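# Report on the structure
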Amino acid sequence: MKPLEGLIVLEFCQFLAGPSAGLKLADLGARVIKIERPIKGEACRQLSIKDLFVDDSSLLFHTINRNKESFAADLKNPDDLVLIKKLIAKADIMTHNFRPGVMEKIGLDFDQTLTINPKIIYGTITGYGNKGPWAKKPGQDLLLQSLSGLSWLSGRKSQGPVPFGLAVADLMCGNHFVQGILAALLKRAKTGKGVLVEVSLLESILDVQFEAITSFLNDGGQLPERGDVKGSAHAFLSAPYGVYQTQDGYLSLAMGDLLFIGKTLGLDLSKYADKHQWFASRDEIRKILSKKIITQKVDYWINLLQKEGIWCGKVLNYKELDSQPFVDDLSLKQTVKNSDGKSLVTTRSPIQLDGDILISKKAAPKVGEDNENIHKQFLND
């Protein structure tokens, strides 16, 4: 039995942060019902990555919305709104990421929803919180990365800002949303009352950077300074930390004793015996390391360094990753099927409970695919 089995989640969310949280709740056993507009459904159905589609919806939508049901309803239609309120009365959790003010107009803000279901866990995601001049601005991942300082942590000093290559604000906000909802379930179990859970993309992307921001706040306001050598990997860590080119690929070197690493590589780095130099002269040191490391193939260095307990690794692309034995050993992929029998290969939940992997084989639903079943179960009384 999965831990959230028996719980019903109504998901009024679109795009990534909210639906990714719903995905995790579904993996943990909750019954997640997406409330979508009729015909077109959630907007993410038409937002593609690499122009990939499955049936009438994007592969991106399928990636985020597997193991859910779809109930099509127009929240502006009074008859549909009556049905939605009946569902809310029987739900445990509802989530939305509308801009502040939207649910108030519909009559489904937290206080109004409590009159329908006093024990509801009511979760909201916003871009910038619900107060101040930013409250109603669009919360989009790249915009949040740009606003929050995150884009000054990757890449090289001479490159200018470098956005992260994933929707990291959305993904982390979804994780924080799940944490808040699980905590709210525990609070409700103690109090018997509904709980309001609020997160924002802004607060999540700042929390991701808690180490870097704390450094800034306690170091006289000194801004992060990235290295300016190819392969610089962290604005706050000293040499040798970074990625180095070899004859046939790339080698990553994590933190470690620089002098010992140098000795293992066949380099005399005694002039950097003062550990403060490992940071102050990190670009100079990385150039020395780079000239040495490029003289051999990556496996040569891996064997040599790992034998001495030095933290290092080969830099893999997705194709190389997929060929690693641990992918099958750990069952890191799963196959899901939609109602037409089409199969998709995707990742799985990273969580295991009592030795069991959380697998869900149901692909994302079509718009309104579950209306008839949900009507029979909840709305025909």
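Quick note: structure is the one above.
Since the model is a prediction, treat every value here as computed from it, not as a measurement. (Residues numbered from 1 in each chain as written. Predicted model: local features only at pLDDT ≥ 70, side-chain atom pairs only at ≥ 80, totals over all residues. Heavy atoms only, no water.)

## Some details on the overall build of the chain
Looking only at helices and strands, the chain features 16 helices and 15 strands. Burial analysis of the chain (381 residues in total) assigns 42% to the buried set. A sequence separation of at least 24 residues applies to 67% of the contacts in the chain between residues at least 6 apart. By element, 55% of the accessible surface of the chain is carried by carbon and sulfur atoms, the whole surface being about 20,500 Å². (Helix = DSSP H or I, 4+ residues; strand = E, 2+ residues; numbered from the N terminus. Buried < 20%, exposed > 50% of the residue type's maximum accessible area, 1.4 Å probe, protein only. Contact = heavy atoms within 4.5 Å. Areas by Shrake-Rupley, 256 points an atom, 1.4 Å probe, with all protein chains shown as cover.)

## A word on the sheet that holds strand β10 (residues 250–253)
Taking strand neighbours across the sheet as the criterion, the 3 strands line up as β9-β10-β11 in an open arrangement whose pairing is antiparallel. Edge positions in the sheet fall to β9 (242–245) and β11 (312–314), since each has one partner strand and no second. Taken pair by pair, the neighbouring strands of this sheet meet at an average axis angle of 25°, ignoring direction. Bridging between β9 and β10 involves 4 bridges; their strand directions are antiparallel. Note on β10: the bridge partner recorded for Gln245 is Tyr250. (Pairing = 2+ DSSP bridges. Axes fitted to C-alpha atoms, helices over the stretch in contact; angles between N-to-C directions.)

## Describing the packing of aromatic side chains
By the definition in use, this model includes 3 aromatic pairs. With 5.2 Å between their ring centres and 55° between their planes, Tyr128 and Trp134 make a pair best called tilted. Between Tyr300 and Trp301, the aromatic rings sit 5.0 Å apart at their centres with planes inclined by 75°, giving edge-to-face as the arrangement. Taking the ring centre of Phe279 as reference, the NZ or CZ of Arg282 above it sits at 4.4 Å. (Phe/Tyr/Trp six-rings, centres within 6.5 Å; stacked < 30°, edge-to-face > 60°. Lys NZ or Arg CZ within 6 Å of the ring centre and 35° of its normal.)

## Comments concerning the nonpolar core
Among the nonpolar cores identified, the biggest contains 32 residues, and Leu4, Leu25, Ile121 and Phe177 are the most heavily contacted of them. Counting only elements with at least two residues in this core, the list comes to α1 (17–27), β7 (121–126), α7 (168–191), β8 (195–200) and α8 (201–208). Not counting chain neighbours up to four residues away, the residues in contact with Leu25 comprise Leu4, Val9, Ala30, Val32, Val178, Ile181 and Leu182. Membership of the second largest hydrophobic core comes to 23 residues, among which are Ile88, Ala91, Phe110 and Ile120. (Core = buried A, V, L, I, M, F, W, Y, C linked by side-chain atoms within 4.5 Å.)

## A short note on the pattern of salt bridges
As enumerated under the stated definition, the model contains 15 salt bridges in all. A salt bridge links Glu69 to Arg31; the nearest nitrogen and oxygen atoms lie 2.7 Å apart. Here the residue Glu69 occupies a position in strand β5 (residues 69–72), and Arg31 occupies one in strand β2 (residues 31–36), the gap between them amounting to 38 residues. Given the relative accessible area of 13%, Glu69 is considered buried. Residue Arg31 is classed as partly exposed on the basis of its relative accessible area of 22%. For Lys366, the salt bridge is made with Asp340, and the minimal N-O distance between the two is 2.7 Å. Taken as a pair, Lys366 in the loop between β15 (356–357) and α16 (371–379) and Asp340 in the loop between β12 (333–337) and β13 (343–347) lie far apart in primary sequence, 26 residues in all. Residue classification places Asp340 among the partly exposed positions, given a relative accessible area of 46%. (Salt bridge = Lys/Arg side-chain N within 4 Å of Asp/Glu carboxyl O.)

## Topic: α8
Those residues of α8 that fall on the buried side of the exposure criterion are Leu201, Ser204 and Ile205. Down the axis of α8, the buried side of the element spans an arc of 95°, and every buried residue falls inside it. Buried residues in α8 make contact with α1, β7, α6 (141–148), α7 and β8. (Arc of directions from axis to C-beta.)

## What about the side chain of Asn117?
Here Asn117 lies in the loop between α5 (110–116) and β7. With near-sequence residues (within four places) excluded, Asn117 lies in contact with Ile88, Ala89, Lys90 and Ala91.

## Observations concerning the sheet that holds strand β6 (residues 93–96)
Pairing is parallel across the open sheet formed by 6 strands, whose spatial order is β5-β2-β1-β6-β7-β8. Edge strands, defined here as strands with exactly one partner in the open sheet, are β5 and β8. Mean inter-strand twist for the sheet, computed between neighbouring axes without regard to direction, equals 20°. Relative to β5, β2 is paired through 4 bridges, and the arrangement is parallel. Across the sheet, the residue bridging to Lys34 is Ser70, located in β5. Running at roughly 65° to β8, α8 makes contact with β7 and β8 of the sheet.

## Side note on unusual backbone geometry
Cis geometry is found at the peptide bond from Ala239 to Pro240, where omega equals 15°. Examined against the element boundaries, Pro240 turns out to sit in the loop between α9 (210–217) and β9. Located in the positive-phi region is Ile39, a residue other than glycine, with phi close to 70°. In this fold, Ile39 is placed in the loop between β2 and β3 (53–54). Of the residues examined, Ile39 reaches a relative accessible area of 81% and is grouped as exposed. For Ser331, which is not glycine, the phi torsion reads 50° and is therefore positive. Tracing the chain through its elements places Ser331 in the loop between α15 (325–329) and β12. Ser331 gets classed as partly exposed once you look at its relative accessible area, which sits at 34%.

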